[in-house]
Amino acid sequence: QVQLVEAGGGWTQPGGSLRLSCAASGDSIRVNSMAWYRQAPGKQRELVAHGTSGGRTNYADSVKGRFTFSRDYAKNTVYLQMNSLKPGDTAVYYCYAHVAAGGSAWPDDYWGQGTQVTVSS
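The paragraphs below set out a description of the structure included in this document. (Residues numbered from 1 in each chain as written. Predicted model: local features only at pLDDT ≥ 70, side-chain atom pairs only at ≥ 80, totals over all residues. Heavy atoms only, no water.)

## Digging into the side chain of D89
Turning to its location among the elements, D89 is positioned in the loop between β8 (77-82) and β9 (91-100). A relative accessible area of 2% places D89 in the buried class. A polar contact of 2.8 Å, which involves the side chain of D89, links it to the backbone nitrogen of K86. Not counting residues up to four positions away in its chain, the partners in contact with D89 are R38, R66, F67, S84, V117 and V119. (Helix = DSSP H or I, 4+ residues; strand = E, 2+ residues; numbered from the N terminus. Buried < 20%, exposed > 50% of the residue type's maximum accessible area, 1.4 Å probe, protein only. Polar contact = N/O pair within 3.5 Å; in protein donor to acceptor, adjacent residues only side chain to side chain. Contact = heavy atoms within 4.5 Å.)

See below:
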């Protein structure tokens, strides 16, 4: 079984910063890609940033230049540094990982429990 544990959400004023983290754990896991998604009230879940196992990172246009995705491969942990936050960034942020577990050759999709980010004055 694979667990994704997120931390770091909270409240900040517009222009502020927050840093999210997500650690993947489990028996004999092999983590491929990891990503951050978010879902605002009444909206569909959307991709924020995606990091491949090869080290490439893609960002949603709405966060380019403000958010930075990083990954610690040794710890199976990803981070999302969010700067210059706007009210429109308010959402529940979910960690995603594509992971092969328990010695399986077939990876599967896993999600974290979500962490609330609120940007308001």
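## Some thoughts on the environment of G88
Mapping G88 onto the fold places it in the loop between β8 and β9. Residues G88 and S21, 67 residues apart in the sequence, show an inter-C-alpha distance of 20 Å.

## Overview of the packing of aromatic side chains
Within the structure shown, the criterion is met by three aromatic pairs. On the numbers, 6.0 Å between centres and 70° between planes, the contact of Y37 with Y96 is edge-to-face. Of this pair, Y37 sits in strand β4 (residues 30-39) while Y96 sits in strand β9; the two residues are 59 residues apart in sequence, bridging distant segments of the chain. Taking the relative accessible area as the measure of exposure, Y37 reaches 21% and is therefore partly exposed. The ring centre of Y94 lies 3.8 Å from the NZ or CZ of R45, which sits over that ring. Over the face of the ring belonging to W111 we find R45, whose NZ or CZ atom lies 4.7 Å from the ring centre. (Phe/Tyr/Trp six-rings, centres within 6.5 Å; stacked < 30°, edge-to-face > 60°. Lys NZ or Arg CZ within 6 Å of the ring centre and 35° of its normal.)

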